[in-house]
Amino acid sequence: MPQTNEDAVRTYYTAIDAEEYDTVFGLFDENIVYERPGQENIRNKDALKEFYINQRPLSNGAHEISSLINEGETVAVRGAFSGIQGDTEVSFGFADFFVFNETGLIKRRYTYTDRDTV
């Protein structure tokens, strides 16, 4: 059975928390655009890989999903992240929107948090 968009998003959070980056990268379209608060957009899979491997400010954390809505090509998620940012323990709320292409890969992602930057 093919993976649904909702399954792909749940896989994303499980893989990112486990730092299983090959799984994470396999979920994204080559031309992904990822928007994050207070940061420049990430504009392709190579830039996404660079971000996750060398620039991501969050580590040793876990995402807790409190709500997930699948509507057409978009999956919206509301939840909380707890982990490390830099040298500091953090916990904050987030809302993510994943937009899928016709082949089931994530082509756009938007992240909003209750912090200025992540």
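Structure shown above.
Summarised in this report is the structure supplied together with it. Given the structure is predicted, the values throughout are model-derived calculations rather than measurements.

**With respect to the sheet that holds strand 3 (residues 74-85)**
Logical step 1: The sheet built from five strands is open, its strands ordered 1-5-4-3-2 with mixed pairing. Looking at strand neighbours, the two that pair on one side only are strand 1 (28-35) and strand 2 (58-71), the edges of this open sheet. The average angle at which neighbouring strand axes cross in this sheet is 25°, direction not considered.
Logical step 2: Each of strand 1, strand 2, strand 3, strand 4 (88-100) and strand 5 (106-113) touches helix 1 (residues 5-17); the most contacted strand, strand 2, lies at about 170° to it.
Logical step 3: Seen against the sheet, helix 3 (residues 45-55) touches strand 1 and strand 5 and runs at an angle of roughly 60° to strand 1.

**Some details on the pairing of strand 3**
Logical step 1: As judged from the 11 bridges shared by strand 2 and strand 3, these two strands associate in the antiparallel manner. Residue pairing for strand 3: Ile65 is matched across the bridge by Gly79.
Logical step 2: Linkage of strand 2 to strand 3, two consecutive antiparallel strands, is achieved through a turn of two residues, within which Gly72 is found at a positive phi near 65°.
Logical step 3: Pairing between strand 3 and strand 4: 12 bridges, direction antiparallel. Residue pairing for strand 4: Gln85 is matched across the bridge by Thr88.

Calculation notes
- Residues numbered from 1 in each chain as written.
- Predicted model: local features only at pLDDT ≥ 70, side-chain atom pairs only at ≥ 80, totals over all residues.
- Heavy atoms only, no water.
- Pairing = 2+ DSSP bridges.
- Helix = DSSP H or I, 4+ residues; strand = E, 2+ residues; numbered from the N terminus.
- Axes fitted to C-alpha atoms, helices over the stretch in contact; angles between N-to-C directions.
- Contact = heavy atoms within 4.5 Å.

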